[in-house]
Amino acid sequence: MPSAAEIAWLIPVLPLLGAVITGLGLISFNRTINRLRKPVAVILLSCLGAAAVLSYAVLLEQLAGAPSVEHLFIWASAGDFTLPMGYVIDPLGAVMLSLVTTIALLVMVYSHGYMAHDKGYVRFFTYLALFSSSMLGLIVSPNLLEIYVFWELVGMCSYLLVGFWYDREGAAHAAQKAFVVNRVGDFGLLLGILGLFWATGSFDFQGISSGLSQAIDLGTVPNWAALTMCLLVFMGPMAKSAQFPLHVWLPDAMEGPTPISALIHAATMVAAGVFLVARLEPLYSQFPLVGMIIAIIGTITCFLGASIALTQMDLKKGLAYSTVSQLGYMMLAMGCGAPIAGMFHLVTHAFFKAMLFLGSGSVIHAMEDVVGHEPILAQDMRLMGGLRKKMPITAITFFIGCIAISGIPPLAGFWSKDEILGQAFNTFPLLWGVGFLTAGMTAFYMFRLYFLTFEGSFRGENKDLQEQLLLASGNSSDESDHAHSPPGVLHESPWSMTLPLSILAVPSVLIGLMGTPWNSRFAALLNPEEAIEMAKTFSWGEFLPLAGASVGISSVGISIAVLGYFLNRIDLDKSVASRFPSINKFLANKWYLDDINEKLFVQGSRKLAKEVLEVDAKVVDGVVNLTGLLTLGSGEGLKYFETGRAQFYALIVFGGVIALVVLFGVLGNPPN
Amino acid sequence: MQELILGTFLDSDLSLGTNHLSNNFPWLSLSILFPIVGAFLVPFIPDKGEGKQVRWFALGIALTTFLITVLAYIYGYDPSIDNLQLAERVSWLPDLGLTWAVGADGLSMPLILLTSFITALAVLAAWPVSFKPKLFFFLILAMDGGQIAVFAVQDMILFFLAWELELIPVYLLLAIWGGKKRQYAATKFIIYTAGSSLFILIVALAMGFFGGDTPNFEFINLSQKNFGEGFQVLCYSGLLIAFGVKLPIVPLHTWLPDAHGEATAPVHMLLAGILLKMGGYALLRFNAQLLPEAHAQFAPLLIILGVVNIIYAALTSFAQRNLKRKIAYSSISHMGFVLIGIGSFSTLGTSGAMLQMISHGLIGASLFFLVGATYDRTHTLQLDEMGGVGQKMRIMFALWTVCSLASLALPGMSGFISELMVFAGFVTDEAFTLPFRIVIAAFAAIGVILTPIYLLSMLREIFFGKENAQLLSTTKLIDAEPREIYIIGCLLVPIIGIGLYPRLMTDSYTSSIEALVKRDVIAMESLKNPSAQLIRRNYLAPAIIPSPSLLNGTEKTN
């Protein structure tokens, strides 16, 4: 029997097959396939399930110490240029494979419940399978170019899924924004890849890093060029992993269905940027300056996300900014030269953030029965409250997620976040300070979300508030829509939704124990030498004060949230928001980044394009028309042209051309 | 008229040719003449005037032509040889040095296949044509033969004739079946192209008579002549104008939005799918192959023009509110990569240019077909008058999305690999100085950002959002019918096939491109004073890095 790694190419291929079959079916027999919900779901689930089983087998092999496996074939060649493609299985990839297949599988089960009433059910499942396939392909890519290929493909799936409800204006704009902003990052990534290929003649990770250091030693590639290329490549992860200032697409992408927010925009695709930086670690580790820039960008993102999350009223947007902030932590770890810490946080975050998003989906699903299918109402926390009594499973899992992300031991978030902060403390103390502060903010806004949603009394039946919210969003309420959906009752979601939540709660609690700093099995898998080194240098004297401080600031954040939103002892509106209106406004407007973006780039590019078109129509074409009129249109011809008898005119030209052809045919005959 | 005379001419030669080359089946002459003969049979097809019988006949002819070219490729063509194959040579007017010489190498064979393929689909796309169907299908079939001739002939005067003759059907197709401004568009088209092709004739005569011996216009002879550098530069500039109009190169492009804006869907497919490729093919065939020294001087200009094409046309496309013109400008933008590839002096880049032509031929044809199909339903091309169409036309929406994604160079489809090859070829080749390459690559890469902006906004404005009530009140939006799905499916198979495994296509022409680039590079090295010292690196300087070393063999396990 072949080892699992030998047939690991099946992991991305299986979901792809499923997606292609149902996709072709949708195009050719739309109605029939749309009715076959169960069979389609079963086929796609089993494809993904098989991929998941294979991934676990691969992971087990890697845990048992199997060597990495690489298989390549020549994909394109021209002259002395050859481009190999294939797949590689190594510990890092194995971890990611298991992570992605697990979450994708759970999200698919969840979607069965969440999308049950949607007429695009089959299309949704097809996209999900397509995305899983692209993401898995990205993970097993052995070189930068193949990564780029799948990088774009996951971007495409994100585009399709964000714009899934294409009758919503918001979704349409968000999908486009997501794709274009990602393309801005890809612009850098592509140039960087090309530059590195020019400098090293190679696309694969090892070849690039060793080739570049050689080239710098030989002096063939100047240092500034190498730095530029590294930073250009980093633009890709910046866009994909929503790092400042290219994070603007991620909160908007919440227009997509919630399972997608959980899978793509929290757990997997947005983590691809972090994953790529981890893959490029041998390259980046040569340039401390690049590391510092990555760390600074990560810190800014981390702080920015958390600060905006403080004031969000939309449940999903709050979680989205939280994701931005957590991705900032991961980047900070990468910048500190601690890819293992970053990857560990990626894994723990994937579990608890997916659970949080799916929890929010469960809430929205329930809210929709009360306030109707209007995202502005169904996702606004001002209309929620007291949901714990109606939806206990959702509430409990959401609570676990909040503790995990806040960094309370022994839940997952504590171990991973603390390791990042510890690394930052040793490398960039200033950045640690910001990250430390952010940890407190994280705890505060997460518990704020929890209390507003699940505690207190239910506010959803308040029609005045609904009207107000609709007015504020600029959407006039659609009367007919309200008449059709009589207020239903709040209820816990079906098993297909609560089961994935409960399953995800287990790793959210326990997985952190895999990476305790004194005996990190996670580090032992990715880099055994470093794990031994870590265990050796570990000292309680160093660990306890830092960990204590993080837990302390998280507790402060939680306490403020409890006082403000659960016990209602302090009125945060009065004591903070109204005392510093400018800061509040600044945060509520998301640091004005969207406005700047809109004014500078969107309007700017539109204006530029309009001007170019003017030039094209008036100047370039104007000259053409003018000469045309002057030479050929003079006299009678012009008159006919003006009176609309253009056929006659055209006929003359036609005859003229034929005459020319004949004439030149004759002239071509020289009298010799 | 003209065609008739030529047709009989060719017919008589064909019989001569078959006797002459009895052991070698005349595949190419057959694929040129078969559709033309078929076209002349169109008037004799019994038809009540609605085109129901004629269209089947035309489809049969077009498909048979496609089959002939495919058979020619399979039985008569060996991709590993860089020389001319499938060659037929019949002396035509020996006094004049005119010969009926056809043949195919890596430059022409893929385009011949593309031509017959797209034409067959265009006939299928023309299924609903009911106005003067006989004339319509006659013209389409005549064009099929004419266009194959453009790619297959190996004699410059013959090339000129084919080039000119192919204009007439396009002119008529535009002028009779076009939109509201069809006369203006058709006139502009004919003046532009006919005017510019005078340069071809002049240059052909000059090159043919060069040296003072008996004139000979065959490419083989021309390529052996030792033109002076000044002469080459003159010829090169003339040809650049002629082919630049066709490609088109900004600022010679303004006929294209008008012509494309007025053409009907099948004509559109032919215009975008094949006609533009004639410009790129001719640039490779004449400018790069026959005038290598001048090419070395002009290459930087080509590259700069290519970048201008990419960015300028992408911006105009973004601002366009008319769907057809938007896609037309996007074609111009995509052809910019062809120019960069041709000017790149690297096998990889030139190969990418070739692939970009094929890829755009397929993608452009599919997009233009979809524009036509959408127009049939919405009866408007203004984006402002559409919106929310996706709810009624879901399959159409899916097809549009796939083709737009192909056009914005999504990996897994042919556009990505061709643009990537152009980029990688240009950046890694040491023919130009590093700053020049950095600047050009950066600007060309801006196109990578601009393309999704205009394509995705277009999709958003047509399909996304709330349904446009006014549109719904005036038209019935019926979803795509099987014929339409089939056409797009046929185009998508090669698009995705090449995208998944580009060697399917590149292997068929690589050896020819290699020979071509080698010739150019030698010419470049021989130049004593390369123009623009700033841009051009002294070519003799050793490349920084030896060729990318690939793992031993095709597979490696560690």
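Position numbers for residues start from 1 in each chain and track the written sequence from start to end. Written order determines the labels here, with chains lettered from A and ligands numbered from 1. In keeping with the predicted nature of the model, local features appear solely for residues at pLDDT of at least 70, side-chain atom pairs appear and are counted solely at 80 or more, and the whole-chain, interface and lining totals rest on all residues. Here the side-chain values reflect all heavy atoms present in the structure, with hydrogen atoms and water set aside.

A short note on the overall build of chain A
Here is step 1 of the chain: The secondary structure listing takes helices from DSSP runs of H or I that are at least 4 residues long and strands from runs of E that are at least 2 residues long, numbered from the N terminus. Along its length, chain A carries 32 helices and four strands.
Here is step 2 of the chain: Atoms counted for the radius of gyration: C-alpha only. Globule rule: 2.2 Å times the number of residues to the power 0.38. Relative to the 2.2 N^0.38 estimate, which gives 26 Å for 672 residues, the radius of gyration of chain A is 29 Å and therefore close to what a compact globule would have.
Here is step 3 of the chain: The buried share of chain A, taken over its 672 residues, is 60%.
Here is step 4 of the chain: To be clear on the numbers: accessible area is Shrake-Rupley with a 1.4 Å probe, and residue cover counts the displayed protein chains and nothing else. Put simply, chain A shows about 25800 Å² of open surface, and 67% of that area lies on carbon and sulfur atoms.
Here is step 5 of the chain: Distance from the positive charge centre (36 side chains) to the negative charge centre (46 side chains) of chain A: 8 Å. Buried residues are those whose accessible area, probed at 1.4 Å on protein chains only, stays under 20% of the maximum for their type, while exposed residues exceed 50% and partly exposed ones sit between those limits. When charges are counted, neither His nor the chain ends are considered; positive counts come from Lys and Arg and negative counts from Asp and Glu. To locate a charge, take atom NZ for lysine, CZ for arginine, CG for aspartate or CD for glutamate.

Details of the overall build of chain B
Here is step 1 of the chain: For chain B, the helix and strand inventory stands at 21 helices and two strands.
Here is step 2 of the chain: Classification of the 558 residues of chain B by burial places 67% in the buried group.
Here is step 3 of the chain: Of the accessible surface of chain B, which amounts to about 18000 Å², a share of 65% is contributed by carbon and sulfur atoms.

Points about the packing of helix 11 (residues 258–267) of chain A against helix 16 (residues 339–371) of chain A
Residues and elements named next belong to chain A.
Here is step 1 of the chain: Axis geometry follows a simple rule: fit a line to the C-alpha atoms, using only the stretch in contact for helices, then measure angles between N-to-C directions, giving values from 0 to 180 degrees. Contact geometry for helix 11 and helix 16: axes closest at 8 Å, N-to-C directions at 160 degrees. One element, helix 11, and the other, helix 16, form an angle in the roughly antiparallel class. Two packed elements cross with a definite hand, and for helix 11 against helix 16 that hand is right-handed. Touching Thr258, Pro259, Ser261, Ala262, Ala266 and Ala267 of helix 11 are His349, Ala350, Lys353, Ala354, Phe357, Leu358, Ser360, Gly361 and Ile364, all from helix 16.
Here is step 2 of the chain: For the contact of helix 11 with helix 16, a count of residues per class yields nine nonpolar, five polar and one charged. Orientation is classified from the angle alone, with under 35 degrees giving roughly parallel, over 145 giving roughly antiparallel, 65 to 115 giving roughly perpendicular, and any other angle giving oblique. Crossing handedness: left-handed means the near helix sits turned counterclockwise from the far one by under a right angle, and right-handed means the same turn made clockwise. When checking whether two residues touch, look at their non-hydrogen atoms; a contact exists if any pair is within 4.5 Å. The residue classification treats Ala, Val, Leu, Ile, Met, Phe, Trp, Tyr, Cys and Pro as nonpolar and Asp, Glu, Lys and Arg as charged. All others, Gly included, are polar.

Here we look at the environment of Leu470 of chain A
Here is step 1 of the chain: Relative to the assigned elements, Leu470 of chain A resides in helix 22 (residues 463–473).
Here is step 2 of the chain: Here the alpha-carbon distance between Leu470 of chain A and Leu377 of chain A, two residues 93 residues apart in the chain, equals 7.5 Å.

A look at a nonpolar patch on the surface
Here is step 1 of the chain: Exposure above 30% relative accessible area and the absence of a salt bridge qualify a residue for a patch, where like charges join within 9 Å and nonpolar side chains (Val, Leu, Ile, Met, Phe, Trp, Tyr) within 5 Å. Basic side-chain nitrogens of Lys or Arg form a salt bridge, by our definition, when they fall within 4 Å of a carboxyl oxygen of Asp or Glu. A contiguous nonpolar patch, built from Val556, Ile560, Leu563, Phe566, Leu567 and Ile570 of chain A and spanning about 470 Å² of accessible area, is present on the exposed surface.
Here is step 2 of the chain: Here Phe566 of chain A lies in helix 27 (residues 540–566).

Quick notes on helix 3 (residues 54–76) of chain B
All names here are of chain B.
Here is step 1 of the chain: An expected span of 1.5 Å times one less than the residue number is assigned to each helix. Spanning 23 residues, helix 3 covers 32 Å between terminal C-alpha atoms, matching the ideal 33 Å at 1.5 Å per step.
Here is step 2 of the chain: Where helix 3 is concerned, the buried positions are Val54, Arg55, Ala58, Leu59, Ile61, Ala62, Thr65, Ile68, Thr69 and Ala72.
Here is step 3 of the chain: Structurally, helix 3 contributes buried residues whose contacts are with helix 2 (27–41), strand 1 (85–93), helix 4 (109–125) and helix 5 (133–152).

Considerations on helix 13 (residues 323–342) of chain B
All names here are of chain B.
Here is step 1 of the chain: For helix 13, which comprises 20 residues, the first-to-last C-alpha distance of 30 Å matches the rise-based estimate of 28 Å (1.5 Å per residue) to within 8%.
Here is step 2 of the chain: For helix 13, the tally of buried residues reaches 20 of 20 residues, placing the bulk of the element in the interior.
Here is step 3 of the chain: In protein, a polar contact means a hydrogen-donor-capable atom and an acceptor-capable atom, both N or O and within 3.5 Å, with residues adjacent in sequence counting only if both atoms are side-chain atoms; elsewhere, any N or O pair within 3.5 Å suffices. Its side-chain oxygen 2.9 Å from the backbone nitrogen of Lys324, Asn322 forms the N-cap of helix 13.

Description of the interface of chain B and chain A
Here is step 1 of the chain: Counting from both sides, the interface comprises 93 residues of chain B and, opposite them, 80 residues of chain A.
Here is step 2 of the chain: By definition, the buried area sums, over both parts, the 1.4 Å-probe accessible area that each loses when the two are put together. Across the chain B/chain A interface, buried area totals approximately 7900 Å², and carbon plus sulfur atoms make up 73% of it.
Here is step 3 of the chain: At the boundary of chain B and chain A, one finds zero salt bridges.
Here is step 4 of the chain: At the surface where chain B touches chain A, the tally comes to 12 residue pairs in polar contact (both at pLDDT 80 or more).
Here is step 5 of the chain: Looking at the side of chain B that touches chain A, the element that brings in the most residues is helix 17 (residues 434–463) of chain B, giving 15 residues.

Re the pairing of strand 2 (residues 98–104) of chain B
Residue and element names in this part refer to chain B.
Here is step 1 of the chain: Counted residue by residue, strand 2 has seven buried out of seven residues, so it is predominantly covered.
Here is step 2 of the chain: Where burial is concerned, the two faces of strand 2 agree: the one with Leu98, Trp100, Val102 and Ala104 and the one with Thr99, Ala101 and Gly103 are both buried.
Here is step 3 of the chain: As judged from the six bridges shared by strand 1 and strand 2, these two strands associate in the antiparallel manner. Each residue of the ladder has a partner; that of Ser91, found in strand 2, is Thr99. A pair of strands is treated as paired once DSSP finds two or more bridges between them.

Re the environment of Ala299 of chain B
Residues and elements named next belong to chain B.
Here is step 1 of the chain: Considering the arrangement of structural elements, one finds Ala299 in helix 12 (residues 292–319).
Here is step 2 of the chain: Residues Ala299 and Gly349 lie 50 residues apart in sequence; the distance between their C-alpha atoms is 13 Å.
Here is step 3 of the chain: Ignoring anything within four residues of it in the chain, the contact list for Ala299 reads Gly343, Phe345 and Phe432.

With respect to the packing of aromatic side chains
Here a ring pair, both rings aromatic, is described through the centre-centre distance and the interplanar angle of the planes.
Residues and elements named next belong to chain B.
Here is step 1 of the chain: Put simply, two rings from Phe, Tyr or Trp (the six-membered ring, in Trp's case) pair if the centres are within 6.5 Å, and we call them stacked under 30 degrees between planes, edge-to-face over 60, tilted for the rest. Evaluation of the coordinates by the stated rule reveals 58 aromatic pairs over all chains.
Here is step 2 of the chain: Judged by centre distance (4.9 Å) and plane angle (80 degrees), the ring pair of Phe136 and Trp177 falls under edge-to-face. With Phe136 in helix 5 and Trp177 in helix 6 (residues 156–177), this residue pair connects regions lying 41 residues apart in the sequence. Neither residue differs from the other here; Phe136 and Trp177 are each classed as buried.
Here is step 3 of the chain: On the numbers, 4.4 Å between centres and 15 degrees between planes, the contact of Tyr236 with Phe298 is stacked. Of the two residues, Tyr236 sits in helix 9 (residues 229–246) while Phe298 sits in helix 12, which places them 62 residues apart along the sequence.

What to know about the packing of helix 10 (residues 255–262) of chain B against helix 11 (residues 265–288) of chain B
Residues and elements named next belong to chain B.
Here is step 1 of the chain: The geometry of helix 10 relative to helix 11 is characterised by a closest axis approach of 8 Å and an angle of 145 degrees between their N-to-C directions. Between helix 10, through Trp255, Leu256, Ala259 and His260, and helix 11, the contact on the second element is made entirely by His268, Leu271, Ala272 and Leu276.
Here is step 2 of the chain: Here the residues of the contact of helix 10 with helix 11 sort into six nonpolar, two polar and no charged.

Notes on the environment of Cys490 of chain B
Residues and elements named next belong to chain B.
Here is step 1 of the chain: For Cys490, the position within the fold is in helix 19 (residues 482–500).
Here is step 2 of the chain: On the accessibility criterion, Cys490 (18% relative accessible area) is buried.
Here is step 3 of the chain: Separated by 33 residues in sequence, Cys490 and Ser457 place their C-alpha atoms 26 Å apart.

Observations concerning the pattern of salt bridges
Here is step 1 of the chain: Applying the stated criterion across every chain, the model contains 21 salt bridges over all chains.
Here is step 2 of the chain: The residue Glu484 of chain B makes a salt bridge to Arg377 of chain B at a minimum N-O spacing of 2.7 Å. Separated by 107 residues along the polypeptide, Glu484 of chain B in helix 19 and Arg377 of chain B in helix 14 (residues 347–378) bring together distant segments of the chain. Judged on exposure class, the residue Glu484 of chain B and its partner Arg377 of chain B are both buried.
Here is step 3 of the chain: One salt-bridge network, held together by shared partners, links Lys177, Asp252, Lys590 and Asp594 of chain A.

Digging into the confidence of the model for chain B
Residues and elements named next belong to chain B.
Here is step 1 of the chain: The predictor attaches a confidence to each residue, and that confidence, scored 0 to 100, is pLDDT. Of the residues in chain B, 90% reach a pLDDT of 70 or more, and the chain-wide mean stands at 83.
Here is step 2 of the chain: For chain B, per-element mean pLDDT is lowest for helix 1 (residues 2–20), which scores 41, and highest for helix 4, which scores 92.
Here is step 3 of the chain: In the predicted structure, residues 1–23 sits below a pLDDT of 50 and forms 27 contacts with residues beyond four places in sequence or in another chain.
Here is step 4 of the chain: Note on residues 539–558: pLDDT is under 50 here. Beyond four places in sequence and across chains, it has 39 contacts.
Here is step 5 of the chain: Overall fold confidence for the complex sits at a pTM of 0.87, while the interface term, ipTM, reaches 0.86.

Thoughts on unusual backbone geometry
Here is step 1 of the chain: Note the cis peptide between Phe244 of chain A and Pro245 of chain A, where omega equals 0 degrees.
Here is step 2 of the chain: Note on placement: Pro245 of chain A falls in the loop between helix 9 (223–240) and helix 10 (249–252).
Here is step 3 of the chain: Residues other than glycine seldom take positive phi values, yet Trp591 of chain A does so here, at roughly 65 degrees.
Here is step 4 of the chain: Along the chain, Trp591 of chain A falls in the loop between helix 29 (581–588) and helix 30 (593–631).
Here is step 5 of the chain: With a phi angle near 60 degrees, Ala409 of chain B is a residue other than glycine that sits in the positive phi range.
Here is step 6 of the chain: Tracing the backbone shows Ala409 of chain B in the loop between helix 15 (394–407) and helix 16 (414–428).

Side note on a positive patch on the surface
Here is step 1 of the chain: A grouping of Arg31, Arg35 and Lys119 of chain A together with Arg394 of chain B is seen on the molecular surface, where their side chains present a positively charged patch.
Here is step 2 of the chain: Following the sequence through the fold, Arg394 of chain B ends up in helix 15.

What about the state of the cysteines?
Residues and elements named next belong to chain A.
Here is step 1 of the chain: Cysteine sulfur atoms that pair up within 2.5 Å are treated as a disulfide. If you walk through the whole model with that rule in mind, you get zero disulfides over all chains.
Here is step 2 of the chain: In this structure Cys302 is a free cysteine whose sulfur lies 11 Å from that of Cys336, the closest cysteine sulfur available.
Here is step 3 of the chain: A relative accessible area of 0% places Cys302 in the buried class.

Some remarks on the nonpolar core
Here is step 1 of the chain: Here the nonpolar core consists of buried residues drawn from Ala, Val, Leu, Ile, Met, Phe, Trp, Tyr and Cys, with membership extended through side-chain atoms lying within 4.5 Å. Among the nonpolar cores identified, the biggest contains 443 residues, and Tyr284 of chain A together with Met156, Phe159, Phe243 and Trp400 of chain B are the most heavily contacted of them.
Here is step 2 of the chain: Among the elements that take part in this core, helix 16 of chain A stands out by supplying 19 residues, more than any other.
Here is step 3 of the chain: Among residues more than four places away in sequence, those in contact with Trp400 of chain B are Leu323, Ile327, Leu367, Leu370, Val371, Thr374, Met458, Leu459 and Phe463 of chain B.
Here is step 4 of the chain: Ala333, Ala341, Ala424 and Ala439 of chain A belong to the second-largest nonpolar core, a separate cluster that totals 18 residues.

Some words on the confidence of the model for chain A
Here is step 1 of the chain: Of all residues in chain A, 91% attain a pLDDT of 70 or more, and the chain-wide mean is 84.
Here is step 2 of the chain: Long-range and interchain partners of residues 479–484 of chain A, a stretch whose pLDDT sits below 50, account for five contacts in this model, where long-range means more than four residues apart.

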